[in-house]
Every structure is written in C-alpha cells, then in structure tokens.
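Inside the fold
This is what each chain is made of:
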Amino acid sequence: MAIRDLIPWNRQENRLPVPASASGGRDDHPILSLHREVNRLFDEAFGLFGAPSLGSLAWPKVELGETDREIRVTAELPGLDQKDVDVTVEDGLLTLRGEKRSELDDKDRGYTERSYGRFERRIGLPKGIDRDNANATFRNGVLTVTLPKTEAANENVRRIPVDANAA
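Residues numbered from 1 in each chain as written. Predicted model: local features only at pLDDT ≥ 70, side-chain atom pairs only at ≥ 80, totals over all residues. Heavy atoms only, no water.

Attention shifts here to the sheet that holds strand E7 (residues 142-148). Taken together, the four strands give an open sheet; going across it, the order is E1-E2-E7-E6, and neighbouring strands pair in antiparallel fashion. In this open sheet, the two edge strands, each paired with only one partner strand, are strand E1 (62-66) and strand E6 (135-139). Ignoring which end each strand starts from, the neighbouring axes of this sheet average 15° apart. Of the pairings in the sheet, the one linking strand E2 (residues 70-76) to E7 comprises seven bridges and is antiparallel in character. When the bridges of E7 are listed, Arg72 appears paired with Thr146. (Pairing = 2+ DSSP bridges. Helix = DSSP H or I, 4+ residues; strand = E, 2+ residues; numbered from the N terminus. Axes fitted to C-alpha atoms, helices over the stretch in contact; angles between N-to-C directions.)

The structure is reproduced here in structure tokens:
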C-alpha cells in the first residue's frame, strides 16, 4: 500500500485500490480500518462547514438548465447503453435509474477505480411540469431529459425589482 492511498481526497467510495483476488478478510486489516475512520472524520468535518461530503457525491453527475418553456436535465452515463437506463417522472420527482455492469470477471481484473452496480438519482421538480410531453434522448453516453412547463408554471412567477439606491 502506498502513502497516497491513505489520503482522503484521493479515495473513491471509501475503498482502496486492492487486487480483486485479495482474500475476503481484508476488512479486518488495521490500516484499512484506520483509513475508513479518518475518511469518516474528514467527511464529518467538511459537513460542519456546509461543504458536501467527499464520500457521498452523487453519481451520475447532472446538469440542470431552465428556461421559461422547459427544464432540461443532462446526465453523464459513460459506459452505459439506452437499455441500461430508466427515466420516470412522478410526484414532483425526476428519477434516473440504471445499472452499470462489469465487462470482466473479477479474476481477470488486477484492480479497478471504475464503479459498477445500480444507481438511482432523484431530482425535485417545480409544479407545473407537463409530464405527458416530456422526452428523453441518449447519445454517446449522455442522457438528456426535456420537461416542458405548463402555462400555470409561468403564472406563479413574480419578478421583484431590485433597487440599488435603497442601501
């Protein structure tokens, strides 16, 4: 194990890059136990200052855009196909679900920094979304969901004038 493996900002999902063929009892190792505790302390300390936890940053990464007519959500899903992704809108939530499967057996892999498994990302939506006309496209590992707004959504917006001379 290298010293760089003990640095908390150099980790991914609180796991060290260890050979996949290592014995199943690796959780009992005292250095790994110390590493997990130090990571937990850093996460708690950053949480006190309002910063996101280093170990709990969500995947997939999304980008949100909004105009007067629609909300657009773009998610990066490298290594996935359209059939691996499920998109739903219900009760004011946009839900992105899927699963990224490993391409190799564990015995063929020395170590990996890639993540595999199921994911689910929920994004809260404002009132006035036209669910029936929503659409999603998937191209080159990028999912784009377009959610049109209804006329009622724009009626609830109130512009507030800003007066620079009042201060």
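For Leu125, the location among the structural elements is in the loop between strand E5 (117-124) and E6. In this structure Leu125 comes out as buried when scored by relative accessible area, which is 15%. Along the primary structure Leu125 and Gly92 are separated by 33 residues, whereas in three dimensions their C-alpha atoms are 5.1 Å apart. For Leu125, the residues in contact, after removing those within four places along its chain, are Val89, Gly92, Leu93, Leu94 and Leu147. (Buried < 20%, exposed > 50% of the residue type's maximum accessible area, 1.4 Å probe, protein only. Contact = heavy atoms within 4.5 Å.)

Our next topic: the sheet that holds strand E4 (residues 93-100). A sheet is described by the order of its strands in space; here three strands give the open sequence E3-E4-E5, paired in antiparallel fashion. Of all the strands in the sheet, the pair left with one neighbour each is strand E3 (85-90) and E5. Here the strands of the sheet are splayed against their neighbours by 15° on average, with no regard to which way each runs. By the bridge criterion, eight bridges tie E4 to E5 in an arrangement that is antiparallel. Bridged to Arg97 within E5 is Glu120.

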